Amino acid sequence: MVMPQLQTINKNNYKNKKTHLFNKSYIHIFIYGGIMFGSLKEKLSKTVSKLTEKIYSKGKTEENPEESFANANTETYKEPQKTNEIKNEKKEKSGSEKKGIAKLISLGKKEEVGSKTDADNKEQAEEKTTESVEKKKIGFFDKFKITKTIKKALGKDVVLTEDDIEDVLEELELELLEADVAYDVVEKLVESLKNQLVGTKITAKDDPEEVTINALKNAIREILSQKNIDIYQLIEEKKKLNEPAVIVFVGINGTGKTTSISKLAYKLKEKGYSVVLAAGDTFRAGAIEQLEEHAKNIEVKVIKHQKGADSAAVIYDAIQHAKARGINVVLADTAGRQATNINLMDEIRKVIRVTKPDLVVFVGDALAGNDAITQAEEFNNAVNIDGVILTKVDADAKGGAALSIAYAIGKPILFLGVGQRYGDLEEFNVDWMVNKLFGDEEVKYSTEREF
């Protein structure tokens, strides 16, 4: 597990930022290591490599490796011939030197004879070393050329059977489960991959790696194929009726509902829409004050009652305020609650029944993995949610929740929280997810904090 690194920022140097929420002189920020979806990306890449190797292995012919060996053997025997020529030259040179040595002996210069003999031995040792190194080099490049020949092109058409890829798919199942991908999603992805690859004819002209990657991409697109919701189109349609679009946010404690509401309000304001916030979380201490602080930072109005008030009444008042003043959007906060808390779940049902929102959005924590999926299913059963916002995605190295949550509840992911600034809310689409999993680009999100 990658441990978070603690970074301390001096508040006095934090210029041009509104930091009213902090009373201490230092702001502590946890920055989690790891690339977004890095673990899932690595596992899919490994699967691509293994399936590609299976195709190449089944599609190779006997001629390709034999040609490589023949070429390699020819080169192997050529080099020693060159070495033998050098040896002959050395021998001739050695013979003439020996004659010279005999003359020197007759003249009594024994010391020079000794030095010449040492030099001769040294030359012979160097020849043996050069020859052995040359052989080693030939052996290495020989193997490289053989491998390259097999991998570069299929020698014949290939039709994969289930037995050919069964071991790779079984391993993929385990690795996806380790990455917090829901079991149903794992089964769906593996089954889709199997249907696309088994029985498909892969010709010598095809690129096996490209075939495998496309099959995986298609499988992921099938998993994320829920009908998308265009929030901006919904707002425009409500504007024509002179009514505000009402969006209620639900989820458990600590997933980032209030922050996500603020981010979405900021994004809508950037697009020219007017927004009012409803402080429907009347249960948690400090919830109303937190929403008010965000509203002050992004310059929108908050409708609130006192702590402990009826949440449905607060949101209803916010809707009436928006209608009276021609405000385009009402974003309603609610108290975080576990699905096991019967009283609070009854309350959220009442809120939905009274306010009749256009959208009910579940806010889940991407770092919670399979727990986030279970929570989404429970809230969907209780209030029939319309879409999902996943938070803390920039710190999610596994990626299982992002891949699974939409399939598990049959509802689309609308936005992803990718940082601690009001602008750090990305609109989700399938191509974005596929590019993150199969692209080479590694996006680094800012660790700067505005709240």
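Residues numbered from 1 in each chain as written. Predicted model: local features only at pLDDT ≥ 70, side-chain atom pairs only at ≥ 80, totals over all residues. Heavy atoms only, no water.

Chemist: Break down the overall build of the protein chain for me, with residues and values.
Modeler: Along the backbone of the protein chain there are 14 helices and 12 strands. Within the span of the protein chain, comprising 451 residues, buried residues form 42% of the whole. Considering only intrachain contacts with a sequence separation of at least 6, the fraction spanning at least 24 residues in the protein chain is 78%. With an accessible surface of roughly 24400 Å², the protein chain has 48% of that area assigned to carbon and sulfur atoms. (Helix = DSSP H or I, 4+ residues; strand = E, 2+ residues; numbered from the N terminus. Buried < 20%, exposed > 50% of the residue type's maximum accessible area, 1.4 Å probe, protein only. Contact = heavy atoms within 4.5 Å. Areas by Shrake-Rupley, 256 points an atom, 1.4 Å probe, with all protein chains shown as cover.)

Chemist: Now, about the packing of aromatic side chains: what can you tell me, with residues and values included?
Modeler: Centre-to-centre distance and the angle between the planes together describe a pair of aromatic rings. Scanning all chains against the criterion turns up 4 aromatic pairs. Relative to Trp 432, the ring of Phe 37 has its centre 6.2 Å away and its plane inclined at 85 degrees; by these criteria the two rings are edge-to-face. Of this pair, Phe 37 sits in the loop between β2 (26-31) and α1 (38-59) while Trp 432 sits in helix α14 (residues 430-438), placing them 395 residues apart in sequence. By relative accessible area, which is 0% here, Phe 37 ends up buried. Grouping aromatic residues by their ring pairs yields a cluster made of Phe 37, Phe 428 and Trp 432. In this arrangement the basic side chain of Lys 271 is found over the ring face of Tyr 232, its NZ or CZ atom lying 4.8 Å from the centre. (Phe/Tyr/Trp six-rings, centres within 6.5 Å; stacked < 30°, edge-to-face > 60°. Lys NZ or Arg CZ within 6 Å of the ring centre and 35° of its normal.)

Chemist: Give a detailed account of the nonpolar core, specifying residues and quantitative values.
Modeler: Within the largest apolar cluster, 76 residues are counted, with the highest numbers of intra-cluster contacts made by Leu 189, Ile 385, Leu 390, Leu 403 and Met 433. Aside from chain neighbours lying at most four places away, what touches Ile 385 is Val 250, Val 360, Phe 362, Ala 376, Phe 379, Asn 380, Ile 409 and Lys 411. (Core = buried A, V, L, I, M, F, W, Y, C linked by side-chain atoms within 4.5 Å.)

Chemist: Quick rundown of the confidence of the model for the protein chain? Include the residues and the values.
Modeler: Put simply, the protein chain has an average pLDDT of 78, and 70% of its residues get 70 or more. Across residues 1-34 the pLDDT falls below 50, and counting only partners more than four positions away or on other chains, this stretch makes 53 contacts in the model. Taken together, the stretch residues 131-151 has pLDDT below 50 and engages in 19 contacts with residues farther than four places along the chain or on a different chain. (pLDDT = per-residue confidence, 0-100.)

Chemist: Quick rundown of the pairing of strand β5 (residues 245-250)? Include the residues and the values.
Modeler: Of all 6 residues in β5, 6 are buried, a share of seventy percent or more. Both faces of β5 are covered, namely the face carrying Ala 245, Ile 247 and Phe 249 and the face carrying Val 246, Val 248 and Val 250. Where β5 and strand β8 (residues 329-332) come together, 4 bridges link them in parallel fashion. Counted as the bridge partner of Val 246 is Val 330 from β8. Sheet analysis places β5 next to strand β9 (residues 359-365), joined by 4 bridges and oriented parallel. Bridge pairing in β9 places Val 250 opposite Phe 362. (Pairing = 2+ DSSP bridges.)

Chemist: Before we move on, could you go through the side chain of Asp 333 and cite the residues and values that matter?
Modeler: Mapped onto the elements, Asp 333 comes out in the loop between β8 and α11 (342-355). Within the buried core, Asp 333 has no salt-bridge partner, and the shortest N-O distance to an opposite charge, that of Arg 284, equals 5.2 Å. If sequence neighbours within four positions are ignored, Asp 333 has contacts with Phe 249, Lys 257, Thr 258, Ile 261, Ala 278, Ala 279, Gly 280, Asp 281, Leu 291 and Ile 315. (Lys, Arg positive; Asp, Glu negative; His and termini not counted. Salt bridge = Lys/Arg side-chain N within 4 Å of Asp/Glu carboxyl O.)

Chemist: Which residues make up the pattern of salt bridges, and what values do they have?
Modeler: Within the structure shown, the criterion is met by 19 salt bridges. Across the salt bridge formed by Lys 350 and Asp 310, the nearest N and O atoms sit 3.0 Å from each other. Taken together, the residues span a long stretch of sequence, with Lys 350 in helix α11 and Asp 310 in the loop between β7 (301-303) and α10 (311-325) at a distance of 40 residues. In this structure, Asp 346 and Arg 349 form a salt bridge, with 2.9 Å as the shortest nitrogen-oxygen distance.

Chemist: Could you give me a rundown of the pairing of strand β10 (residues 387-391), with the residues and numbers involved?
Modeler: The side chains of a regular strand alternate, residue by residue, between the two faces of the sheet. The buried count for β10 comes to 5 of 5 residues, which makes it a mostly enclosed element. Burial along β10 is two-sided: Gly 387, Ile 389 and Thr 391 and Val 388 and Leu 390, pointing in opposite directions, are all buried. Relative to β10, β9 runs parallel, the two being bridged by 5 bridges. By the bridge assignment for β10, Phe 362 is matched with Val 388. Chirality of the crossover, the property in question, places the unit of β9, helix α12 (residues 370-383) and β10 among those that are right-handed. Pairing between β10 and strand β11 (residues 413-417): 3 bridges, direction parallel. (Right-handed = clockwise from strand over helix to strand, strands pointing away.)

Chemist: Lay out the packing of α1 against α14 with the relevant residues and their values.
Modeler: α14 packs onto α1 with a crossing angle of 70 degrees between their chain directions and a minimal axis gap of 8 Å. Taken together, α1 and α14 sit at an angle that is classed as roughly perpendicular. Listed contacts from α14 to Leu 40, Lys 41 and Leu 44 of α1 are Lys 436, Leu 437 and Phe 438. A breakdown of the residues in the contact of α1 with α14 according to their chemical character gives 4 nonpolar, no polar and 2 charged. (Axes fitted to C-alpha atoms, helices over the stretch in contact; angles between N-to-C directions. Parallel < 35°, antiparallel > 145°, perpendicular 65-115°, else oblique. Nonpolar A, V, L, I, M, F, W, Y, C, P; charged D, E, K, R; others polar.)

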